[in-house]
Amino acid sequence: MAVPGKVAAFRLPPLPTVGEIIKLFRLKAQKQLSQNFLLDLRLTDKIVRQAGELKNAHVCEVGPGPGGITRSILSAGVEQLLLIEKDARFVPGLQMLSEAAPGKVCIVHGDILTYKMEKAFPKHLIKNWEDEPPDIHIIGNLPFSVSTPLIIKWLENVSRKDGPFIYGRTQLTLTFQKEVAERLTANPGGKQRSRLSIMSQHLCTVENCFVIPGQAFVPKPKVDVAVVHFTPLVQPKIQQPFKLVEKVVQSVFQFRRKYCFRGIETLFPESGRLKRTEQLMMTADVDPTLRPFQLSMSHFRNLCNTYRKMCDEDPSLFAYSYREELRQRKKTRNLLKSTSQPEQTEEENQL
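Residues numbered from 1 in each chain as written. Predicted model: local features only at pLDDT ≥ 70, side-chain atom pairs only at ≥ 80, totals over all residues. Heavy atoms only, no water.

Per an unreviewed UniProt entry, the recorded name for the chain is rRNA adenine N(6)-methyltransferase, and the organism is Pygoscelis adeliae. Per UniProt, the comment on the chain under Subcellular location (unreviewed entry) is "Mitochondrion". Word for word, the UniProt comment on the chain under Sequence similarities (unreviewed entry) is "Belongs to the class I-like SAM-binding methyltransferase superfamily. rRNA adenine N(6)-methyltransferase family. KsgA subfamily." (UniProt positions renumbered as here; feature names shortened; annotations may be inferred.)

So, in C-alpha cells, the structure goes:
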C-alpha cells in the first residue's frame, strides 16, 4: 500500500533522462516564453508531494515542457494525466512518456489561458462545494509571463465555481517567482502585501510550500522560484462579486505608499468625491490614515460590502473609471490650444 504523500506506486520503464530528451529533440528554452526547465527529479518529486495524495487521482499538468514534473506525477500512481502544452516542440518528447504509461496520458497542444477546463475531467468526479476537494489536481511549473494572469483567471473561476472548479474545490500546486509567491501569501503589515494577497486569500487557503533556487533551472532565471498550494475555501471571506472586489482592492493599492483614503477616493467621480469617500470609510469603519498594506481582510470585507450598497443606490457608480476620467481630462486639456502647457497632476504621473 502506498504511503500518503510518498511518490511511489507506479514505475515508468527505463527512459532517456530529461536532459537526454532535451538533446534528442534539440529543445531550447525560449526567452520570450519565459521558459525554464527543471531537470532534477528530486525537486520535481518534491513539487508533486505538495499536491497531496495522487494515487488514482486525475491530474492536469500545465506547461509540462520536457516532462520532468510529468514523470514525478506518473510515478505517484495517478489514474489519468492531462498535459496542456502550448509549445509544439515538446509534444514528441511527451508522447514518449505517454507510450511508457499506456492509457494514462492525454496530450493537448493548446493554451491554458483559453482551454476549456470544464470538460477536462470525467463528470463522475464532481463533488459538492461544501464537500472535501475532488480527486482532481492542477500542477504546473508556470512560465513567469503567464503565472499572474492565469492565477487571477482561476481565482475568478473559484468565485463563480466554474472552469476547473465546476468539479468542486479543485486544488492547485503551481510555481511562481519568489516575490510573487510572497505577495500571494503576505499578511497584513507585510511589505509584500498587495492586490494579489487579498484576491487570493479571500477565496483560498494559500500556502507558500518551499523555494527552489534559480540555479536549479536551465537556463538559470535571475530570480528564485517558489511552489504555492491553493485550496478554495468553502465560503469566501468577502461575499461579493469578483469584479467588485477586484475594483475595490485595485483602487486601494493604487497609491500603495500613501494613506489608504487616497486610493479609495478613486472609486468615485470628481463631483462629490470627498463626501462619498468619507461616507464609505466611516460606514466601513476603516481608519483613513492606514496604509493599504496595513488593512486586514475584515477591512476589505467592510469596504466591499459598503461600496456594494452605494452601487445599489447609484447604479452608475460601478461603471465609473478613474483612469478614464484622467484620460478625458488630459484629452480636453490638449484640445485647448494654449501656449502654456500645464503640468500633469501627481495622480496622472503615478498612473
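This is not the end of the story, as more comes after the structure.
What follows is about the pattern of salt bridges. Per the stated rule, a full pass over the model turns up 16 salt bridges. Note that Arg327 and Glu324 form a salt bridge whose closest N and O atoms lie 3.1 Å from each other. Residue Arg327 and its partner Glu324 are located together in helix α12 (residues 322-335), separated by three residues, close to a single helical turn. Residue Glu324 is classed as partly exposed on the basis of its relative accessible area, which comes to 33%. If you follow the salt bridges from partner to partner, you end up with Glu156, Arg160, Asp162, Arg195, Lys243 and Glu246 in one network. (Salt bridge = Lys/Arg side-chain N within 4 Å of Asp/Glu carboxyl O. Helix = DSSP H or I, 4+ residues; strand = E, 2+ residues; numbered from the N terminus. Buried < 20%, exposed > 50% of the residue type's maximum accessible area, 1.4 Å probe, protein only.)

Moving on to the pairing of strand β4 (residues 105-109). Bridging between strand β3 (residues 80-85) and β4 involves five bridges; their strand directions are parallel. Looking at the pairing, Leu82 lines up with Cys106 of β4. Read as a crossover between parallel neighbours, the route from β3 over helix α4 (residues 91-100) to β4 is right-handed. (Pairing = 2+ DSSP bridges. Right-handed = clockwise from strand over helix to strand, strands pointing away.)

Glancing now at the packing of helix α8 (residues 242-252) against helix α11 (residues 297-313). Relative to each other, α8 and α11 sit at 120°, their axes nearing to 10 Å. Of the two elements, α8 crosses α11, and the hand of that crossing is right-handed. Each of Leu244, Val245, Lys247, Val248, Val249 and Val252 in α8 lies in contact with α11, whose residues at this interface are Phe300, Leu303, Cys304, Tyr307 and Arg308. Across the contact of α8 with α11, the residue classes break down as nine nonpolar, no polar and two charged. (Axes fitted to C-alpha atoms, helices over the stretch in contact; angles between N-to-C directions. Left-handed = near helix turned anticlockwise from the far one by under 90°. Contact = heavy atoms within 4.5 Å. Nonpolar A, V, L, I, M, F, W, Y, C, P; charged D, E, K, R; others polar.)

For helix α2 (residues 41-50), the complete set of buried residues consists of Leu43, Thr44, Ile47 and Val48. Within α2, the buried residues cover an arc of 140° as seen down the axis, which keeps them to one side. On its buried face, α2 is in contact with β1 (37-38), α3 (68-75), β5 (136-140), β6 (171-177), β7 (204-212) and β9 (225-232). In this structure Asp40 caps α2, since a side-chain oxygen of it lies 2.9 Å from the backbone nitrogen of Arg42. Trailing α2 by a residue or two, Gly52 shows a phi angle of about 105°, which is positive. (Arc of directions from axis to C-beta. Polar contact = N/O pair within 3.5 Å; in protein donor to acceptor, adjacent residues only side chain to side chain.)

With that settled, the discussion passes to the packing of aromatic side chains. Per the counting criterion, the structure on display carries six aromatic pairs. Measuring from centroid to centroid gives 6.0 Å for Phe176 and Phe230, while their planes differ by 65°, and the two rings are edge-to-face. Placement of the pair is Phe176 in strand β6 and Phe230 in strand β9, with a sequence separation of 54 residues. The residues Phe176 and Phe230 share a single accessibility class, namely buried. Considering the side-chain rings of Phe253 and Phe300, the 5.9 Å spacing of their centres and the 10° angle between planes classify their relative orientation as stacked. With Phe253 in the loop between α8 and α9 (260-264) and Phe300 in helix α11, this pair connects stretches of sequence that are 47 residues apart. Take Phe253 and Phe300: they sit in the same class, and that class is buried. Across the ring face of Phe210, the terminal group of Lys46 is positioned such that the distance to the ring centre comes to 4.3 Å. The ring of Phe90 has Arg89 sitting right over it, with the charged end atom 5.2 Å from the ring centre. (Phe/Tyr/Trp six-rings, centres within 6.5 Å; stacked < 30°, edge-to-face > 60°. Lys NZ or Arg CZ within 6 Å of the ring centre and 35° of its normal.)

The subject of this paragraph is the pairing of strand β2 (residues 58-62). For a regular strand, side chains alternate in direction, first toward one face of the sheet and then toward the other. Counting buried positions along β2 yields five of five residues, so the element is predominantly enclosed. Burial along β2 is two-sided: His58, Cys60 and Val62 facing one way and Val59 and Glu61 facing the other are all buried. Sheet topology note: the β2/β3 ladder contains five bridges and is parallel. Its bridge partner lying in β3, Glu61 is registered against Leu83.

If you trace the backbone, Thr70 turns up in helix α3. Accessibility expressed as a relative area gives 0% for Thr70, which makes it buried. Side chain to side chain, Thr70 and Glu61 meet in a polar contact 2.6 Å long.

Attention now moves to the UniProt feature "binding site: S-adenosyl-L-methionine" (unreviewed entry) in the chain. Sequence positions flagged by UniProt for "binding site: S-adenosyl-L-methionine" (unreviewed entry) are, in local numbering, Asn36, Leu38, Gly63, Glu85, Asp111 and Asn141. Relative to the assigned elements, Gly63 resides in the loop between β2 and α3. The contact partners of Gly63, leaving out residues within four places of it in the chain, are Ile84, Glu85 and Asn141. With respect to the helices and strands, the residue Asn141 is situated in the loop between β5 and α5 (144-160).

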